[in-house]
Each structure stands twice: as structure tokens, then as C-alpha cells.
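This is what each chain is made of:
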Amino acid sequence: MATRKRRELRQPSSVSTAKAIAPEMEYLIIGNSAGGIAAAEAIREVDKNGRLAIVSEEPYFAYSRPLISEYLAGERSLDTMLLRPVDFYERNKIEALLGTGAARVDFSHRLVELEDGRTLAWRKLLLATGGVPIVPKLKGGHREGVFTFTNLEDADKIGRAVNKGHRVVVIGGGLIGISLAQALVQRGVAVVMVELMDRVLATALDAEASWLVELALRRERIELILGQTAKEIVARPEDDRRVGGVVLQDGRTIPCDGVVFAIGVAPRTELVTGSPVTLNRGIVVSRRMATSQRDVYACGDAAEAYDFIHKTNRLIPVWPNAVAGGRVAGFNMAGRRVSYEGSTGMNSLNCFGLSTVAAGLVDFEDDPTCEVLAASGTGTYRKIVLKNNRIVGMVFVGDIERSGIVFGLMKDRVNVRRCKDVLISPDFGLGALPDDLRRKRLSLANSQRGGANGNGR
Amino acid sequence: MGCGLCEVYCALAHSTSQDLIKAFKRERPRPVARIRVERVDGLFLPMQCRHCPDSPCVNACLTGAMYKDPDSGAVTVDPYKCSGCWTCILVCPYGVITRDIGTGIVAKCDLCQGRDVPACVANCPNEALVCIEDGADGQPLPLAAAAQERAGGH
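Because the structure is a prediction, the values reported are computed rather than measured.

The helix and strand inventory of chain A stands at 13 helices and 25 strands. Over its C-alpha trace chain A gives a radius of gyration of 24 Å, about what one expects of a compact globule, namely 23 Å for 457 residues. Counting across all 457 residues of chain A, residues that qualify as buried make up 47%.

The next thing to look at is the sheet that holds strand 9 (residues 167-171) of chain A. Residues and elements named next belong to chain A. Taken together, five strands build an open sheet; the order of strands is 8-15-9-10-11 and the sheet is parallel. At either end of the open sheet lies a strand with only one pairing partner, and these are strand 8 (146-148) and strand 11 (223-226). Averaged over all adjacent pairs, the angle separating strand axes in this sheet is 20°, with direction ignored. Note: strand 9 against strand 15 (residues 258-261), four bridges, orientation parallel. Of the residues in strand 15, the one forming a bridge with Val170 is Val260. Helix 6 (residues 152-161) rests against strand 8 and strand 15 of the sheet, and its axis sits at about 145° to strand 8.

Further remarks concern the sheet that holds strand 13 (residues 243-248) of chain A. Residue and element names in this part refer to chain A. Ordered by their spatial adjacency, three strands build an open sheet running 12-13-14, and the pairing between neighbours is antiparallel. The sheet terminates laterally at strand 12 (230-235) and strand 14 (253-255), the two strands that pair on one side only. The mean inter-strand angle of the sheet, taken between neighbouring strand axes irrespective of direction, is 25°. In this structure, strand 12 lies alongside strand 13, joined through five bridges in antiparallel fashion. Counted as the bridge partner of Glu232 is Val247 from strand 13.

Time to look at the confidence of the model for chain A. All names here are of chain A. Of the residues in chain A, 93% reach a pLDDT of 70 or more, and the chain-wide mean stands at 92. Here residues 1-15 is modelled with pLDDT under 50, and outside its nearest four sequence neighbours on either side it reaches eleven contacts, counting other chains as well. Contacts for the low-pLDDT stretch residues 450-457, under 50 throughout, to residues beyond four places or in other chains number 21 contacts.

Moving on, we come to helix 8 (residues 207-219) of chain A. Residues and elements named next belong to chain A. Between its first and last C-alpha, helix 8 extends 18 Å over 13 residues, near the 18 Å set by a 1.5 Å rise per residue. Listed as buried for helix 8 are Ala209, Ser210, Leu212, Val213, Glu214, Ala216 and Leu217. Positive phi shows up at Arg221, right after helix 8, with a value of about 65°.

Turning our eyes to something else, we now look at the pairing of strand 1 (residues 24-30) of chain A. All names here are of chain A. Summarising burial for strand 1: five of the seven residues are buried, a large majority. When strand 1 meets strand 6 (residues 119-127), the two strands line up parallel, connected through six bridges. Residue Leu28 lies in a different strand from strand 6, and its bridge partner there is Leu125. Summarising the sheet, strand 1 and strand 2 (residues 52-56) pair through four bridges and their orientation is parallel. The residue of strand 2 that forms the bridge with Tyr27 is Leu52.

The rules behind the values
Residues numbered from 1 in each chain as written. Chains lettered and ligands numbered in written order. Predicted model: local features only at pLDDT ≥ 70, side-chain atom pairs only at ≥ 80, totals over all residues. Helix = DSSP H or I, 4+ residues; strand = E, 2+ residues; numbered from the N terminus. Rg over C-alpha atoms; globule rule 2.2 N^0.38 Å. Buried ≥ 20, exposed ≤ 12 C-beta atoms within 10 Å, placed from the backbone. Pairing = 2+ DSSP bridges. Axes fitted to C-alpha atoms, helices over the stretch in contact; angles between N-to-C directions. Contact = placed C-beta atoms within 7 Å. pLDDT = per-residue confidence, 0-100. Expected span 1.5 Å × (residues − 1).

Here is the structure:
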């Protein structure tokens, strides 16, 4: 596009001209990760040719964000982190506009202005913008050696700054903090993990499972400081610009060469702030992943999608939910009416060889209406939380095989009154279910084959 | 009858040596069977991947390792991309994806890619396991062990 025209585009008075000359996308997806890719694939299942573009500020083909830990550990390069084969965009006729983010969305004229000044028009828009790491405002937080850890660039920065023999303070004992700690240990870096709650993974696991993960972390000589967080980041005596230590709330100073904040992500919503799109903490979406604005959809960490356990929409920033929501958004954008069946908080973790999966409400001992089934073995632990004979939460540690059967029963709200006793047994499987229920569970894929395609039915 | 030969021949088919004795006695890491016979009160239920049309494991995979072959319909895992996060294990409603502790990644039925008939089916002495092509959604889809409920002797 000519420079002169581009300048015109930026003037509000010439919006109608802009619309006329901007390349018009049938489908425009902002975000090139889990949700965006899933939506693009769903669109192409329905509409093979409608003009489709994906915009992302990151210059890479879609890669697996969770793998940045293995990347930092030196176990992987970008080419084994790609979510799809390199010809994915070409084969699916997707215009990949990578390396330049969306700067502004004009919802009334259906335009997106990119950071490089180009403008695109759209008929259907998906906001798959993801999340941004939360960094508290701290004294000294501007110093060199303070990082976050959610994308490849973060991993590169940490990799360049932190070497064998260094000591790094990881603020946050959640999934990201733990995956980072694993990578740092593999690089020969000493790790101090500071967690505000009294245990690690406090939102994902129950106390027993957290304790088993803490044992695994301590075995790798990771120092855990619980019930604390950073108050200030201090400099080195010899270099005022660089990180030299972290002062905790109790006044202790932990000398270190780097600090990484891994205390969570917030939905990335700056494109809709002040727009007609309804925003709560995240972008509010219907069961079809549609926002309050016609033809605008949202999914992933940026959106508040339906949680079938909490029976309400809420933020659940985990990968599988971004994909599930993205698929539903994509189908609906392309005209196939599909409803999001909902998901819930779910996490799996392989922490220095300790396998852990958890989903739903895992920490509800105090609720008198909940029933808890639990069993422990050597290095293993299983817990299932029931409410009105339906599974509402699960934690499996150590032996996690066939945990998916329990997850499926939870997701489909199956009454398990008749088979409670077998659910936590070590050799539990579909064979242990009552005949009629087993036959029903065994025929899931068959009914899917006979029925509709797609997630929602 | 619950003989478990399908488990043995599955592990063998996925071994490095392809030799029964070596595979079970010497090979490290030990080859892992991707089929498991559940034995409960006289019921023998061989369980392996259903290669679901809309596969929860593919949708949940964090790395793109789990994928569905658009031509064959088989759901398989790319060992170079799998990171062993176990998310697929959590979402599989049949519980048929397992950890391969030796390699640190997941193991699942791949319908014995490269063979005409999956090893479990070929070596089932009672012909309880069969492999059918399911074209219900307009796509051929091999599905082993369709006859498992009959195999249970019910």
C-alpha cells in the first residue's frame, strides 16, 4: 500500500475511504498461539477459501509456549517447538502477518490498524490475544536482570543473562515458576522459589499433592520460601543498574543474579478497553465464544469462558481451554453453529519425574456438601471430590494412568453413586464401571462418528 | 479369554529389536504395550486408542505432538515434539494413553503404522480383536478391537 494512502487511513475523517481500500479479510484472527491456530483450523474445516489472516506481534510461526522451559534448558530449538508443520499457513491459505501486532481496533468500521501502520478490514474478528505476565510495581523493579517467563523472547533474555553458578530468585510457585525452575536447575543455576501462599501450586493442587511436589523440588536443591513475596529489588554493590538481591516482606535479603516474576497472567485486553466490547476481568463471551459486539469473538487467556464446575464464566488461562474455545469460535465465525461445552481448571505437570494431574475443585475439604475419596501409596496419591454423587474435582499424583476416565466422568456430569469405591483404586479402568455405564463410556467415539463433527453438540 | 497376547505383541511391535526375548529381557528402555487388558470379575476388556474423530488428546496437546492423520484417521504422537507433560492422559476418556517412563514421553496405539494389520489383531488367538474401517463420517478410519465386549464373554 502506498505511503500516502496509509497516512490517509490514520485520519478519522477518511475511515470510509480506508474501508474501501484496506484489504478485507473474511476472518481476521489477532493472536497466533493456541486459540488463534485452533480457530483457523476450525474455520478451514467449514470454509476452505474465505480470506483468512492471523496477526501476531511475535515474528515466529506458532510455537508451543509451554516448551520455552525445555528451550531455556537447552533441550530444544525453535524448529521442534512449532505447533504445526512449516507449510501450515500456506496449505490452509492463511495470510500470516507476523512480527507486527494489532495497535487498534475500530469496531464500528470493522478495521484493525497494525503497529506498522497497515490497516485491515474484517467481517469476522477473533481476539485471541492471550495474557500478559503480572509484574508488581516494586522499588528497583526496573533493574537489569528482572524478567518474566511466558514467551520465547523471555527465555532468550534469561538464557543470555543467567549462567551456570548463578543464583536466581523465582517469584511464584505456580506452573510457570516450576517449569522455569526445572530449566534453571538443568542449566546449573541455583534457584530460590518464593511463593506467597503457604504451598506451591496452591490454586492447582490440594495440600497433599503440593507437598509431594515440594519434596520433588527440594530434592533438586531448589530452596523454597513459602508465605513470602518480594518487597524490593536491590542492586549490586558494584553496579547500581543490575540486580543484586531481592528483599522479602519479612526483611530478609536474598542475594541473587536475576529475578523472574511468575505470579500469573492477566488477560490481554488493551484492544477492547474503551470499546463497545463488554469487558469484565477478561473479555465476556457467550457459549458460542461471541463477544457483546456482533461478529467479534474471543477465546483463550483473554476471555472469560464457561466453567462447567463453577457453572459460570471465568478466566481459566490454560492451554487446552484456549484450543477448545478457539475451535468453537472458529466454527461459529465460519457459520457453523457450535456451542462451547465448557471446561474447568485443569493442569498436568511432570516435575522432575513426579507426574501430577489435577482438574476442577481440588481443595474443598471444608465444604460439608462435598465428599472426598482419597488413597495414597508409595509416591502416589489420588483424590476425587464429589458433590451430589458427581465428580467436581480430581488430583492424581505419581500413577496418573487412566485419570482421563475420571476427568471424562466429571466433564459429562455422570452420577457415580454406584461406583464410588472403585474410582480411586490403583487398577481403576472402564472395566470397573457398572455394565451399563461402561458400555455408554465405551461408545463415546462411536456416537461422535455417527453424529456431528466438532466440539459442541 | 484374557490371555494378554495382544499386550505382548504390541510391546514387541514397538520394540527396537523386534525380537520377543530381547525386547522383554534386555531392551532398555523396556518397550511399552499400548493396549491393556482390563480383567475384572471374569470380564476381559482390551483397551486401546479409539482414534476419536474429534480427539480430546489432539486438542489438548500443548506442543502439537499429538496429531490426527487426515488421510488414515489414525491419532499418533510425534516423539520429537512430545514433552511428556501428560495433558493428553488427563483428557483421554478411555484412559488409553500411558507414560513411557523410559523415554519420558507418552505411548499410545498408532495402529502399527507400516503394517497391514495391527500386531494386537494379528496375534489375537480367539479373533476377539478385529480392525475395521469406519467410514461413518465419510472418512476411512481403522479401528482395532471393535469386538471387545464380545471378547469379554458376556
